[in-house]
Amino acid sequence: MRAYSVTLDRALSLAATAHRNQERKGSSVPYIMHPVHTAMILLKHGFPEEVVIAGVLHDVVEDTAVTLAEIEAQFGPQVARLVDAVSERKREPGGELLPWRQRKSERIDHLRDADSLVAALKSADALHNVQAMLRDLERNGEETWQRFRGSQADQLWYYTTLAAVLRQRLGTHPLSVELDEAVAQLAEWHRCTAARAAGPAPRE
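About the thresholds
Residues numbered from 1 in each chain as written. Predicted model: local features only at pLDDT ≥ 70, side-chain atom pairs only at ≥ 80, totals over all residues. Heavy atoms only, no water. Helix = DSSP H or I, 4+ residues; strand = E, 2+ residues; numbered from the N terminus. Rg over C-alpha atoms; globule rule 2.2 N^0.38 Å. Buried < 20%, exposed > 50% of the residue type's maximum accessible area, 1.4 Å probe, protein only. Axes fitted to C-alpha atoms, helices over the stretch in contact; angles between N-to-C directions. Left-handed = near helix turned anticlockwise from the far one by under 90°. Contact = heavy atoms within 4.5 Å. Polar contact = N/O pair within 3.5 Å; in protein donor to acceptor, adjacent residues only side chain to side chain.

Enquirer: Looking at this structure, I do not really get the overall build of the protein. What am I missing?
Expert: Looking only at helices and strands, one finds ten helices and zero strands in the protein. Its helices and strands taken in sequence order, the protein reads α-α-α-α-α-α-α-α-α-α from the N to the C terminus. For the protein, whose C-alpha radius of gyration is 18 Å, the value lies close to the compact-globule estimate of 17 Å for 204 residues. Taken over the C-alpha atoms alone, the protein extends approximately 70 × 40 × 30 Å along its principal axes. Across the 204 residues of the protein, 44% fall into the buried class.

The structure is reproduced here in structure tokens:
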């Protein structure tokens, strides 16, 4: 894609406005940082402009008042399809919030049949989330887990399962390899935490 794109500029403007009052969980970091990082990862790996734009917009339908119809009207059916494919169903039709694990399980099941572009979009999303989590663990230690609805074990289950499903769709693509490496670091942190909690092994 070209170094400058009017369409990408419009997507960044829409996402920045839609997420303007949101912050990353447990921090003062503007939420827009996450979709921008997601798009940068996709751009770095050479994905088409429509996928990069979907990276910028991937949370606006799930977390803001922007609708899928608006996305399609402004950016076309392919971008709308990609955004829809990675958007979680967070609430029941009556408005009740769905349990965290149910939401994650439903999205993983949906991704099992995803095409390579959807898998790439979700991989970039997950990669930035895991990398940010690892950075926060280094800075803040165990209190990092208090920010999330899912426990430490839940988070490890989710990202391990997700990475495996996405690997089936992307194979040995460098983006999939990078996600696997990040999840392996998260698993190692979990293993070390469990070992410390268990205390020293008894002497024989």
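Anyway, onward from the coordinates.
Enquirer: Looking at this structure, I do not really get the packing of helix α8 (residues 116-140) against helix α9 (residues 152-170). What am I missing?
Expert: Helix-helix packing: each pair is described by the crossing angle between the helix axes and the interaxial distance. The interhelical angle for the contact between α8 and α9, taken along N-to-C directions, is 150°, at an axis separation of 10 Å. Taken as a pair, α8 and α9 cross one another with a handedness that is left-handed. On α9, the residues that touch Ser-116, Ala-119, Ala-120, Lys-122, Ser-123, Ala-126, Asn-129, Val-130 and Met-133 of α8 are Gln-155, Tyr-158, Tyr-159, Leu-162, Leu-166, Arg-169 and Leu-170.

Enquirer: How should I be thinking about the side chain of His-128 in this particular structure?
Expert: Note that His-128 resides in helix α8. Note on His-128: relative accessible area 8%, which makes it buried. At a separation of 2.8 Å, a polar atom in the side chain of His-128 contacts the side chain of His-34. Setting aside chain neighbours within four positions, we find His-128 in contact with Arg-24, Met-33, His-34, His-37, Thr-38 and Ile-41.

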